[in-house]
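Structure at a glance
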Amino acid sequence: MDLVSPEPPYLLAAQASSVVRQLYRRVRDGELDSAADLNRTLGALRQLADDLTHVLPALQEQLEQSLMDGGLPRVGPAAEAWDTVAAVGQGLDDARTAGELLAQELRTSQEMLSGLAAPLDG
């Protein structure tokens, strides 16, 4: 897997979305062969959720920097632009929080699945 890509970030995000849709179709069609496959898939999805929670604050920082540098068009007063950037920031922060919760739930699910595969004591 190529971890360094010359594609712009929006194309990388589109590719990630495409891969997740492909994963959905394969899981829906029953392509997980074992509990171990399911466990590894949950672990990879947890990592994806963790990674997304790091991307979102960086997007907000770039958005704010672009506004300060004059890189965002202003059609109204500066205060409106800042209000819009703040609202986007709040949305990104909410998404980050949801991603953290998702990652935690996936971690819990993975741990519970591992427990099912463990031999019973007794």
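Residues numbered from 1 in each chain as written. Predicted model: local features only at pLDDT ≥ 70, side-chain atom pairs only at ≥ 80, totals over all residues. Heavy atoms only, no water.

Looking at the protein as a whole, the pLDDT averages 86, with 90% of positions reaching at least 70. The lowest-confidence element of the protein is helix H3 (residues 78-117), averaging 88 in pLDDT; the highest-confidence one is helix H1 (residues 9-28), averaging 94. (pLDDT = per-residue confidence, 0-100. Helix = DSSP H or I, 4+ residues; strand = E, 2+ residues; numbered from the N terminus.)

Moving on: a nonpolar patch on the surface. Together, Val-20, Leu-48, Leu-52, Val-55 and Leu-59 make up an exposed nonpolar region whose accessible area comes to about 380 Å². By residue number, the principal contributor to the nonpolar patch is helix H2 (residues 35-68), which donates four residues. Relative to the elements of secondary structure, Leu-52 occurs in helix H2. Taking relative accessible area as the criterion, Leu-52 reaches 46% and is therefore assigned partly exposed. (Patch = residues over 30% accessible without salt bridge, like charges linked within 9 Å, V, L, I, M, F, W, Y side chains within 5 Å. Areas by Shrake-Rupley, 256 points an atom, 1.4 Å probe, with all protein chains shown as cover. Salt bridge = Lys/Arg side-chain N within 4 Å of Asp/Glu carboxyl O. Buried < 20%, exposed > 50% of the residue type's maximum accessible area, 1.4 Å probe, protein only.)

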